[in-house]
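Coordinate analysis (summary)
One-letter residues, chain by chain:
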Amino acid sequence: MRKAVFTLMMICLTVANAADKFVMFTKEGASLAIAKDGKVLDIISDINDYEGVRMALNNLQNDFRLVCGTAPAIGQQLQNECIIIGSMQTKLIQSLVNSGKLNKKELEGKREKYLLQVIDQPMTGVSRALVIAGSDKRGTIYGIYELSRQMGVSPWYWFADVPVVHRNNLYIKRGAYTDGEPKVAYRGIFINDEWPSFGNWANEKFGGINSKCYQHIFELMLRLKANYMWPAMWGSAFYDDDKENGPLADKMGIVM
């Protein structure tokens, strides 16, 4: 392990009823090409979506770069074919619900659930789009990272240097895909005995157990569909060591 010299013990983070495989690397039937010969469809999002969702979108942009060698643009300008991503609370996704293009019952009132599907003519000016809609902030984030995982980016790409296989072409199968709502409300980790291994590593890489360090840990947790963490507190204090720790957790969607 090149970047980390400690082990994160992950408990109960694997979702038993994970979504069926929807990403393919060769065209099949009426599938939608989200990457063709290395060119990736643009991502359309709502500028007023949660900041944590926007952070995950930036990571998705980099994940496409890792897989295809190029990154999609992220903006609000609709394209003939595109990727539309957002939370249920945004005007962008509400327009799809109100027009009947998205099933309202699948998302309304649900907890941490996403719906991923290819939709024909989702809105004016768009012939086809891959839509990832979340019932809430974490649901949207989990949908984003499920796409990344099926594209070939391991949740452990950074911590364990898991290699990413290059793909010129990525296709999405027809159908609606979801993990459903998590069966366990709080799923997460406790970093046990953070000194000397974790603490020394954090000091060396980030200058302390601070928000720069926690941003990588929180990203890993979200990619594993976790939502909950007991902070390392042997010789440190989560809210005092870095005043940005608490706001970062709230922004990204991690319950402390």
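Here the structure is a predicted model, which is why all the values come from computation and not from measurement.

Cut-off values and rules
Residues numbered from 1 in each chain as written. Predicted model: local features only at pLDDT ≥ 70, side-chain atom pairs only at ≥ 80, totals over all residues. Heavy atoms only, no water. Phe/Tyr/Trp six-rings, centres within 6.5 Å; stacked < 30°, edge-to-face > 60°. Helix = DSSP H or I, 4+ residues; strand = E, 2+ residues; numbered from the N terminus. Buried < 20%, exposed > 50% of the residue type's maximum accessible area, 1.4 Å probe, protein only. Expected span 1.5 Å × (residues − 1). pLDDT = per-residue confidence, 0-100. Contact = heavy atoms within 4.5 Å. Core = buried A, V, L, I, M, F, W, Y, C linked by side-chain atoms within 4.5 Å. Axes fitted to C-alpha atoms, helices over the stretch in contact; angles between N-to-C directions. Parallel < 35°, antiparallel > 145°, perpendicular 65-115°, else oblique. Nonpolar A, V, L, I, M, F, W, Y, C, P; charged D, E, K, R; others polar. Pairing = 2+ DSSP bridges.

1. Observations regarding the packing of aromatic side chains
A full pass over the atoms with the stated rule returns twelve aromatic pairs. Taken together, a centroid distance of 5.5 Å and an interplanar angle of 70 degrees make the contact between Phe190 and Trp230 edge-to-face. Of the two residues, Phe190 is situated in strand E11 (residues 188-190) and Trp230 in strand E12 (residues 228-230); the sequence distance between them amounts to 40 residues. For Phe190, a relative accessible area of 37% puts it in the partly exposed group. Relative to Phe206, the ring of Trp201 has its centre 5.5 Å away and its plane inclined at 75 degrees; by these criteria the two rings are edge-to-face. For the pair formed by Trp201 and Phe206, the shared burial category is buried.

2. What about helix H1 (residues 51-68)?
Residues that lie three or four places apart on an α-helix share one face, since the helix turns once every 3.6 residues. When the terminal C-alpha atoms of H1 are compared, their 26 Å separation across 18 residues agrees well with the 26 Å that a helix rising 1.5 Å per residue should span. What H1 keeps buried is the set Gly52, Val53, Met55, Ala56, Leu57, Leu60, Asp63, Phe64, Val67 and Cys68. Where H1 ends, the next residue or the one after it, Gly69, has phi of about 90 degrees, a positive value.

3. Section: unusual backbone geometry
Geometrically, the link from Trp195 to Pro196 is a cis peptide bond, its omega value of 10 degrees lying close to zero. Topologically, Pro196 is positioned in the loop between E11 and helix H5 (197-206).

4. Notes on the confidence of the model for the chain
For the chain, per-residue confidence averages 93 on the pLDDT scale, and 93% of positions sit at 70 or higher. Between residues 5-16, whose pLDDT stays under 50, and residues either more than four places distant or in other chains, the model counts 26 contacts.

5. Side note on the nonpolar core
Judged by nonpolar contacts, the single largest core of 60 residues is most densely connected at Ile34, Phe64, Leu147, Ile217 and Phe218. At eight residues, H1 tops the list of elements feeding residues into this core. Not counting chain neighbours up to four residues away, the residues in contact with Leu147 comprise Phe22, Val23, Ile34, Leu60, Phe64, Leu116, Leu130, Ile132 and Ile172. Listed in part, the 17 residues of the second largest apolar core include Ile44, Met88, Leu107 and Leu115.

6. Details of the packing of H1 against helix H4 (residues 137-151)
One can describe the packing of H1 onto H4 by two numbers: an axis separation of 9 Å at closest approach and a directional angle of 5 degrees. As judged from the angle between their axes, H1 and H4 are roughly parallel. For the pair H1 and H4, contact is made by Gly52, Val53, Ala56, Leu57, Asn59, Leu60, Asp63, Phe64 and Val67 and by Lys137, Thr140, Ile141, Ile144, Tyr145, Leu147, Ser148 and Met151, respectively. The class makeup of the residues in the contact of H1 with H4 is eleven nonpolar, four polar and two charged.

7. Describing the pairing of strand E7 (residues 114-120)
Side-chain positions along a regular strand alternate between the two faces of the sheet. Within E7, six of the seven residues are buried, which leaves it mostly tucked inside the rest of the structure. Here E7 pairs with strand E8 (residues 128-134) via seven bridges, running antiparallel. From the neighbouring strand, Asp120 faces E8, where its bridge partner is Arg128. Here E7 runs beside strand E10 (residues 176-177); their pairing, made up of two bridges, is antiparallel. Along E10, the bridge assignment pairs Gln117 with Ala176.

8. Digging into the sheet that holds strand E4 (residues 43-44)
The sheet built from six strands is open, its strands ordered E5-E4-E6-E8-E7-E10 with mixed pairing. Edge positions in the sheet fall to strand E5 (74-75) and E10, since each has one partner strand and no second. Strand direction decides the pairing type here: E4 and strand E6 (residues 81-87), joined by two bridges, are parallel. When the bridges of E6 are listed, Ile43 appears paired with Ile83. This element, helix H2 (residues 91-98), spans E4, E6 and E8 of the sheet and lies at about 105 degrees to E6.

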